[in-house]
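The primary structure of each chain is shown beneath.
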Amino acid sequence: MEILAEGKGDYLRPDPDGFRAWVRDHKPRTLVNKLMGEQEAITRLVSDGDYFAYDCNYFARGPSSLIREVIRQGKKDLWVCGKFTYVAAALLVEGGCASKLDIGFVGFGPWLSKAVAEGRLQTYEYSNVVLTYRLQAGAQGLPFIGVRSFGGTDGFPNSGAKLVKDPFSGKPVVLLPALNPDVSIIHVHQADIYGNARVFGTGIAHVECALASKKVILSTEEIIETDEFRRDPARTSIPHFVVDAVVHAPFGAYPGTVQGRYASDPAHVVECFGGMMQGNLKAYLEKWVYSVSSHEEMLEKRVGWKKLQELQRRETIREGYSV
Amino acid sequence: MTPATHFAEREHLICTTARMIEENKSYWVGGGGEPLYTILLAQRLYTPGVQYLTEDGVVSPKALLPWDPLMTMVASRAGYRALQWGTMNTAGNFAQLGYVDIGILNTLQVDKFGNVNSTVLGPYAGGRGRRFGGPGGADTIAAQCWRTILLTDQQKRKFVERVDFISSPGFLEGPGAREAAGLPAGTGPWRVVTPWAMFGYEEKSCELMPMAVSPFVTVDMVLAEMSFTPKMAPQLKTLDPPTEEELTVIRSSLDVEGQTTGRGQWVELRDGKYMLAETQGRE
């Protein structure tokens, strides 16, 4: 195949056979109880240097409690998949956890240029859909995927994409390397202890993330019985055999919203977003991450049940968010 | 339809764009701010059946405003009573298949070929420039919708000969460049709308060209807020001012707190002439 142009950015090398071997050797074929606490899940499954993806973001049905736990544990040198994300990438970089960032969209501010200028962060450029297409290829066990966007941009030379002559039509087409993260964290509405999970409403790429990743940690608002899945199997978003850990995390997306369950906390969202835009997330991390030992303690000491009940009341729309 | 006498220049931008929206076309709009307000205003007043898509795969919602800060997507009020809830890849697929006629986008910087920069002002390498968030969904919108409408402010630093970084493609380097880069045939930029003017593209050269100016500015004022001298259409039209009905919708149910429209200058009708409130003293 003739290569017409190619990006010079580093990218996580696709290895579909390596991925298959990983699945063969590591993923359980039976129903195994994977329920564990956030500390154990992050300790066991997130390693320094991992390629790290999360679905949705810190403000919208994202795994916010697990992102805080990653920062609390001081993980290092993560390569972060920055698709559709506001502040989580900034928190991970300013928390010293991330040294590489694939950018689709990230919450910007002085932190980003500063981290690059100081040599703390390498950035590679994509777009949101380009990254979710890379995950789609990874989720299909393929080495690459063709896409009819991204060509001609200045992101292209700073990416792992290639422009080739399509061997079938002879026309130029962009190829993207498949993306198989080492680890993904995904927040869901409901899961059982084995990892069967339901997501209601829209999402970004929760299914693609789960299927494409070597290690998958779910946090869930609610633990339900396996029989519930058998009663309505079409509503299973993620099957148990791709999942490695299930963390029961009510209000796990806080300060973000979980559609149909609770609204976001606007004051907290503004505090976090404002800290990012002003280039100072230290105070935020101290207050909400380092000075508490767990998500539960943060909810108790920093938020309080009165506020949490108010967030539930403010989420008035229920239609479509249950079976 | 009563012409308004007092309005914000960004309200004018929203109204101008809303009137360009057609009932029998499909739209992909940025999840918040002006792009969303244009389609919602059109839905309320002109094209009640018009369908739109957002980046999180929401198809034709009945958006329930107002929203909490930053709750533009993957939030229940934004996706309320949609016809379908998908994901980012389903949205991308629809556009790649040709189902989306027009994308409406904000941009930080635009150049004479309609290229969009949302990545960096200044140099990219080494973190020396002022960094922004990246293309997000805009690259897909700009590459794959049949046409795009870009919204931005009329400022010299935003209209440049060549953007500092092409985050999302316009006509790239000119005629034929999109196809050579692997983008779908027959697609590309269509309009740029600012509070002061509306631009199209000259068909042959693919270059940005003013088509109409707002009633409260002169052509020279618009040209003074561009870093390059554009080709000129033989005749420039004057855009209509907002109507009171449009402003009522914007102020009572779209941008109630003025978070978007509150920035920018105020326009007044004075002695039968629209003018920027700020410039009155000087004339």
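Residues numbered from 1 in each chain as written. Chains lettered and ligands numbered in written order. Predicted model: local features only at pLDDT ≥ 70, side-chain atom pairs only at ≥ 80, totals over all residues. Heavy atoms only, no water.

(A) Up close: the overall build of chain B. A count of helical and extended segments in chain B gives seven helices and 18 strands. Taking 19 Å as the expected radius of gyration for a compact globule of 283 residues, we find that chain B reaches 18 Å, a close match to that expectation. Counting the 283 residues in chain B, one finds 61% classified as buried. Roughly 11100 Å² of accessible area belongs to chain B as shown, and the carbon and sulfur atoms make up 52% of that amount. Of note, chain B has its 26 positive side-chain charges centred 2 Å away from the centre of its 31 negative side-chain charges. (Helix = DSSP H or I, 4+ residues; strand = E, 2+ residues; numbered from the N terminus. Rg over C-alpha atoms; globule rule 2.2 N^0.38 Å. Buried < 20%, exposed > 50% of the residue type's maximum accessible area, 1.4 Å probe, protein only. Areas by Shrake-Rupley, 256 points an atom, 1.4 Å probe, with all protein chains shown as cover. Lys, Arg positive; Asp, Glu negative; His and termini not counted. Charge placed at Lys NZ, Arg CZ, Asp CG, Glu CD.)

(B) Main features of the side chain of Thr140 of chain B. Looking at where Thr140 of chain B falls in the secondary structure, it is placed in helix H4 (residues 138-144). Take Thr140 of chain B: its relative accessible area is 1%, and that puts it in the buried class. When sequence neighbours within four positions are dropped, the list of residues in contact with Thr140 of chain B reads Ser127, Val129 and Ser149 of chain A together with Trp28, Gly92, Ala95 and Cys145 of chain B. (Contact = heavy atoms within 4.5 Å.)

(C) View of the pattern of salt bridges. Residues and elements named next belong to chain A. Scanning the model with the defined rule gives 33 salt bridges over all chains in all. For Glu2, the salt bridge is made with Lys165, and the minimal N-O distance between the two is 4.0 Å. With Glu2 in the segment before strand E1 (3-6) and Lys165 in strand E7 (residues 162-165), this residue pair connects regions lying 163 residues apart in the sequence. For Glu2, a relative accessible area of 44% gives the class partly exposed. Asp10 is the salt-bridge partner of Arg13, the closest N and O atoms lying 3.4 Å from each other. Arg13 gets classed as exposed once you look at its relative accessible area, which sits at 52%. (Salt bridge = Lys/Arg side-chain N within 4 Å of Asp/Glu carboxyl O.)

(D) Up close: the sheet that holds strand E17 (residues 266-270) of chain B. Residues and elements named next belong to chain B. Spatial ordering of the open sheet is given by E1-E17-E18, a layout of three strands whose pairing is antiparallel. Every other strand in the sheet has two partners, leaving strand E1 (6-8) and strand E18 (273-276) as the edge strands with one partner each. Across the sheet, the axes of successive neighbouring strands diverge by a mean angle of 25°, strand direction being ignored. Strand direction decides the pairing type here: E17 and E18, joined by four bridges, are antiparallel. Each residue of the ladder has a partner; that of Val267, found in E18, is Leu276. The sheet strands contacting helix H1 (residues 9-18) are E1, E17 and E18, and the helix crosses E1 at an angle near 85°. Packing against the sheet, helix H7 (residues 244-254) makes contact with E1 and E17, and its axis sits at approximately 50° to E1. (Pairing = 2+ DSSP bridges. Axes fitted to C-alpha atoms, helices over the stretch in contact; angles between N-to-C directions.)

(E) Highlighting helix H5 (residues 110-117) of chain A. Among all positions in H5 of chain A, only Trp111, Leu112, Ser113, Ala115 and Val116 of chain A are buried. Close packing links the buried residues of H5 of chain A with helix H4 (88-94), strand E4 (98-103), strand E5 (122-125) and helix H9 (266-277) of chain A together with strand E10 (130-131) of chain B. Once H5 of chain A finishes, Gly119 of chain A follows within two positions and takes phi at roughly 75°, a positive value.

(F) A look at the domain arrangement of chain A. All names here are of chain A. Taken domain by domain, chain A consists of domain 1 (45-141 + 179-314) and domain 2 (144-177). In this structure, domain 1 and domain 2 have C-alpha centres spaced 29 Å apart. Listed per partner, the contact involves nine residues of domain 1 and eleven residues of domain 2. Both sides together, the interface formed by domain 1 and domain 2 hides about 810 Å², and carbon and sulfur atoms give 72% of it. Linking domain 1 to domain 2 there are zero salt bridges. Counting only elements with at least two residues in the side of domain 1 that touches domain 2, the list comes to E5 and helix H6 (128-139). For the side of domain 1 that touches domain 2, the element with the highest residue contribution is H6, accounting for five residues. Tallied by class, residues from the side of domain 1 that touches domain 2 come to six nonpolar, one polar and two charged. (Domains from an automatic or database assignment. Buried area = accessible area lost by both parts, 1.4 Å probe. Nonpolar A, V, L, I, M, F, W, Y, C, P; charged D, E, K, R; others polar.)

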